[in-house]
Amino acid sequence: MKRRDFTNLLGLGLLTTSLPIAIAACQSDSASDAEGSGEFTTLGSMADLVAQGSVTGAIGGKDLVVVRDPSLPDAVLAVSPICTHAGCTVDWDRGQELFICPCHGGRFNPDGTVSGGPPPKPLTTFEAKIEGDQIMVKV
Ligand code: FES
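The rules behind the values
Residue positions are given per chain, counting from 1 as you read along its sequence in written order. Since the coordinates come from a predicted model, pLDDT governs what is reported: local features require at least 70, and pairs of side-chain atoms require 80 or more to be given and counted, while whole-chain, interface and lining totals use all residues. Heavy atoms throughout the structure, all of them, feed into the side-chain values; hydrogens and water do not. Pairing between two strands is assigned when DSSP locates at least 2 bridges connecting them. Put simply, DSSP marks the helices as runs of H or I at least four residues long and the strands as runs of E at least two long, and each gets a number from the N terminus on. To obtain an axis, a line is fitted to C-alpha atoms, over the contacting stretch when the element is a helix, and the angle between two such axes runs from 0 to 180 degrees between their N-to-C directions.

Asks: An account of the sheet that holds strand E7 (residues 107-108) is needed here, citing residue identities and associated values.
Replies: The four strands lie next to each other as E5-E6-E7-E8, forming an open sheet whose pairing is antiparallel. With one partner strand each, in any of the chains shown, strand E5 (91-93) and strand E8 (114-116) form the two edges of the open sheet. As paired elements, strand E6 (residues 98-100) and E7 share two bridges and run antiparallel to each other. Bridging from a neighbouring strand, Phe99 pairs with Phe108 of E7.

Right, here's the structure in full:
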């Protein structure tokens, strides 16, 4: 066997053995992308948010609260209302612009970050946007 034939055979063998691995890797990426790429779903209206100070609801079995972003008046923030300390449901305090946990006094900023009290980590956040009068959230 000539050197050139051997090299071609080696290249073909390498391609044949690595192709299924490359395909599997691509399929794996596609699957994980699909899991992490939920679609935006309407949670409520801006009219309700203006009237009530917040909009609550659930999408895909996840409870959500949406409030205005104090630093960007044309934007909204969506968080899970489940306190990260012991799982109580936080309330939005419109006057203080804080989420307050009734169980142990945990306090969270509108973006879900901890402002005070025992919660060890921020509230879970979700992507949110305004389309016309609709508040859209991606979970
Ligand atoms: Fe919220 Fe304890 S459960 S502060």
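Asks: Describe the sheet that holds strand E1 (residues 40-45), listing the residues and the values that go with them.
Replies: Taken in spatial order, the six strands make up an open sheet running E1-E10-E9-E4-E3-E2, and their pairing is antiparallel. The open sheet has two edge strands with one neighbour each: E1 and strand E2 (55-59). Neighbour-to-neighbour, the strand axes of the sheet open up by a mean angle of 35°, direction not taken into account. Pairing geometry for strand E3 (residues 62-69) and strand E4 (residues 72-79), over five bridges, is antiparallel. In the sheet register, Asp69 faces E4, and the bridge partner there is Leu72.

Note that every value here comes from positions in space, so none of it alone points to a role or purpose.
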